[in-house]
Amino acid sequence: MWYYEKKLQYPVRVGECNPRLAKFLIEQYGGADGELAAALRYLNQRYSIPDKVIGLLTDIGTEEFAHLEMIATMIYKLTKDATPEQMKDAGLGDHYANHDHALFYQNAAGVPWTASYIQAKGDPIADIYEDIAAEEKARATYQWIINMSDDPELNDGLKYLREREVVHSQRFREAAQILIEEKDKKVFF
C-alpha cells in the first residue's frame, strides 16, 4: 500500500548543537498536537468516515508520519553532540537521565505521550472539525518555535512544516463542506 523512499520529505538542516531548541521541538514529536497524535488520529478516524473523505485522511495521516520523521531528525541533530551539562541547562536533564540522547514520545514539559490525545467521535463532521483544530494548533506551535529560534537552517524546515499544516487545514475545511452537503442530502448519518 505504501512505498517508503529513504529520504526525508524535506531536507533537515541545523546550524549547531542546540538542546534548548530540541526541547521545544519535542512538543511536536510527542505532544497532544504533535505529529504522532495527528497521524494516529487521522488513520484511526478513516474507519468511521464516509468514502468521499477516507482517502484524504489516509493521505494526510501518512504525511504526518513523514513530518514526525523530520522532527525526530531535527531533535537528533540538535542534541547528538550535546554534553550532559548542556542537556541539563536546556531543561532536558530528566530526559537525559532516563533516555540519554534517545528520542522518547513526550511533550516539551516531559509528559509522556498518551492515546487520550487522539480524538475520534464517530461523527464525521465533528471529527473533521477536530482535525481542522489540530492542524491549526500545530501551525501555531510551529510559528511559536520559529519565533524562539535563531537558527535559519532549522527555521527553513520548520516553515515548510508550518505551511503543510496550513494546506492540511484547508483540505479538511473542503472535506467539512463535502460532509455538510452530504448530511443535508441525508446520504449518511
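Note that the structure is a prediction, hence the values are computed from the model and not measured.

A.B. asks: An account of the UniProt feature "binding site: Mn(2+)" (unreviewed entry) in the protein chain is requested, with residue identities and associated values reported.
C.D. replies: UniProt tags Glu35, Glu64, His67, Glu135 and His168 as "binding site: Mn(2+)" (unreviewed entry). Their sequence span is 134 residues, while the largest C-alpha to C-alpha distance among them is just 12.6 Å; these annotated residues converge on one region. The topology assignment puts His67 in helix H3 (residues 51–79). Not counting chain neighbours up to four residues away, the residues in contact with His67 comprise Gln9, Glu35, Leu161, Arg164, Glu165 and His168. Considering the arrangement of structural elements, one finds His168 in helix H7 (residues 152–184). For His168, the residues in contact, after removing those within four places along its chain, are Ile60, Glu63, Glu64, His67 and Glu135.

A.B. asks: An account of helix H1 (residues 19–30) is requested, with residue identities and associated values reported.
C.D. replies: The α-helix advances 3.6 residues per turn, and as a result positions three or four apart in sequence lie on the same side. When the terminal C-alpha atoms of H1 are compared, their 16 Å separation across 12 residues agrees well with the 16 Å that a helix rising 1.5 Å per residue should span. For H1, the buried fraction is high: 9 of the 12 residues fall into the buried class. Those residues of H1 that sit buried are Pro19, Leu21, Ala22, Lys23, Leu25, Ile26, Gln28, Tyr29 and Gly30. Contacts made by the buried residues of H1 are with helix H2 (35–45), H3, helix H4 (84–89), helix H6 (124–148) and H7.

A.B. asks: Can you lay out the side chain of Asn155 for me, pointing to particular residues and giving the numbers?
C.D. replies: By the element assignment, Asn155 lies in helix H7. Every residue in contact with Asn155, bar those within four places of it in the chain, is listed here: Ile146 and Ser149.

Parameters and conventions
- Residues numbered from 1 in each chain as written.
- Predicted model: local features only at pLDDT ≥ 70, side-chain atom pairs only at ≥ 80, totals over all residues.
- Heavy atoms only, no water.
- UniProt positions renumbered as here; feature names shortened; annotations may be inferred.
- Helix = DSSP H or I, 4+ residues; strand = E, 2+ residues; numbered from the N terminus.
- Contact = heavy atoms within 4.5 Å.
- Expected span 1.5 Å × (residues − 1).
- Buried < 20%, exposed > 50% of the residue type's maximum accessible area, 1.4 Å probe, protein only.

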